[in-house]
Amino acid sequence: MSGVFITFEGGEGVGKTTSISFFAELLRAAQLQVVVTREPGGTQLGEAIREILLQPRTEPVAAMTELLLMFSARAQHLQEVIRPALGQGQWVLCDRFTDASFAYQGGGRGIEPAVIESLESIVQGSIYPDVTILLDADVATGMGRARGRGELDRIEQETLAFFERVRESYLQRAQAYPARFKRIDASQPLQQVQNHLQHIAQELIDGARDPG
Ligand code: T5A
């Protein structure tokens, strides 16, 4: 694997989609080959699973069902998109990955981290993100932005306490893996978030050009 795998994480409405397209443009301007993708989704099958997962439903969805659907979509995504792109030396920018499973299904729904770690190892093999950009904002700020976009999906309809647990899990993971995580205060104005992203992109571009 010679490419670079970068994931963007954070709670609802923190600005991942906005940030990922800005970041992709910075890398493309440096003549790098970039693939932008997302989870759940990124393949035809994965997008179909995404719809099942996010559509509001009358029946309660079991936490384990939710987790397994996330990993089903991920298995397809790894096989069809992520592994081949990394193998060709491309930079893969992914809007959410397995840290989201630890935060939402682990922290949010209460599934034991060891269960998620087992699936992570079975599904991903040796593929782990090189860098994870955590856009962190207080829950009210993120949910306010998410609400501004219209109707809330099934997961967005969860309680504030759920999203507080999600945020806490992300922050704990950032602490546990300080070399991989880069935390950005996403409650700042967009220009400041983008300045920080620019700094991170430049460091990565310089590192790739001069690995020694
Ligand atoms: N999920 C996912 C799991 O539970 N487990 C898993 O394993 C995985 C992979 C879908 C859901 O799936 C769950 C988590 C999610 O609930 P999603 O669609 O990626 O995942 O999640 P969302 O958080 O809903 O993504 P969004 O696209 O809705 O939000 P973004 O991308 O974080 O925010 P964005 O960029 O669309 O910005 C929202 C608004 O805020 C503005 C933007 O212009 C936009 O209008 N904005 C700012 N405004 C002011 N200041 C800033 N700094 C701003 N940044 C953005």
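Everything numeric here is computed off the predicted structure, so don't read it as measured data.

Student: Sorry if this is basic, but what is going on with helix α7 (residues 160–176) here?
Tutor: Residues spaced three or four apart along an α-helix face the same direction, because each turn holds 3.6 residues. If you check α7, its first and last C-alpha atoms are 24 Å apart, about what 17 residues at 1.5 Å a residue would give, namely 24 Å. Taken as a whole, α7 has its buried residues at Phe162, Phe163, Val166, Ser169, Tyr170, Arg173 and Ala174. An end-on view of α7 places all buried positions within 135° of arc, on one side of the element. Turned more than 90 degrees away from the buried face of α7, the exposed residues are Leu160, Gln175 and Ala176.

Student: Before we go on, may I ask you to explain a negative patch on the surface in this structure?
Tutor: Together, Asp138, Glu164, Glu168 and Asp185 make up a region of like negative charge exposed at the surface. Assignment of secondary structure puts Asp185 in strand β5 (residues 181–185).

Student: Looking at this structure, how should I read the packing of helix α3 (residues 63–87) against helix α4 (residues 98–108)?
Tutor: One can describe the packing of α3 onto α4 by two numbers: an axis separation of 11 Å at closest approach and a directional angle of 175°. By the angle between their directions, the pair α3 and α4 is classed as roughly antiparallel. On the side of α3, the interface is formed by Ala63, Glu66, Leu67, Met70, Phe71 and Arg74, while α4 contributes Thr98, Ser101 and Gln105. Looking at side-chain class alone, the contact of α3 with α4 contains four nonpolar, three polar and two charged residues.

Student: Before we go on, may I ask you to explain the layout of surface pockets in this structure?
Tutor: Empty space among the atoms becomes apparent when a probe as large as a water molecule is rolled across them. In this structure, the largest pocket encloses a volume near 760 Å³. If you trace the largest pocket, you find 33 residues lining it, with Gly13, Lys16, Thr17, Arg96 and Arg149 closest to the centre. Every element with two or more residues in the lining of the largest pocket is listed here: α1 (16–29), α2 (44–54), α3, α4, α6 (139–148) and α8 (190–209). A breakdown of the residues in the lining of the largest pocket according to their chemical character gives twelve nonpolar, nine polar and twelve charged.

Definitions and limits used
- Residues numbered from 1 in each chain as written.
- Predicted model: local features only at pLDDT ≥ 70, side-chain atom pairs only at ≥ 80, totals over all residues.
- Heavy atoms only, no water.
- Helix = DSSP H or I, 4+ residues; strand = E, 2+ residues; numbered from the N terminus.
- Expected span 1.5 Å × (residues − 1).
- Buried < 20%, exposed > 50% of the residue type's maximum accessible area, 1.4 Å probe, protein only.
- Arc of directions from axis to C-beta.
- Patch = residues over 30% accessible without salt bridge, like charges linked within 9 Å, V, L, I, M, F, W, Y side chains within 5 Å.
- Areas by Shrake-Rupley, 256 points an atom, 1.4 Å probe, with all protein chains shown as cover.
- Salt bridge = Lys/Arg side-chain N within 4 Å of Asp/Glu carboxyl O.
- Lys, Arg positive; Asp, Glu negative; His and termini not counted.
- Charge placed at Lys NZ, Arg CZ, Asp CG, Glu CD.
- Axes fitted to C-alpha atoms, helices over the stretch in contact; angles between N-to-C directions.
- Parallel < 35°, antiparallel > 145°, perpendicular 65-115°, else oblique.
- Contact = heavy atoms within 4.5 Å.
- Nonpolar A, V, L, I, M, F, W, Y, C, P; charged D, E, K, R; others polar.
- 1 Å grid on protein atoms, 1.4 Å probe; cavity = no way out; pocket = protein on both sides within 12 Å on 5 of 7 lines; lining within 4 Å.
- Points joined across faces, edges and corners; volume = space filled by probe spheres on them.

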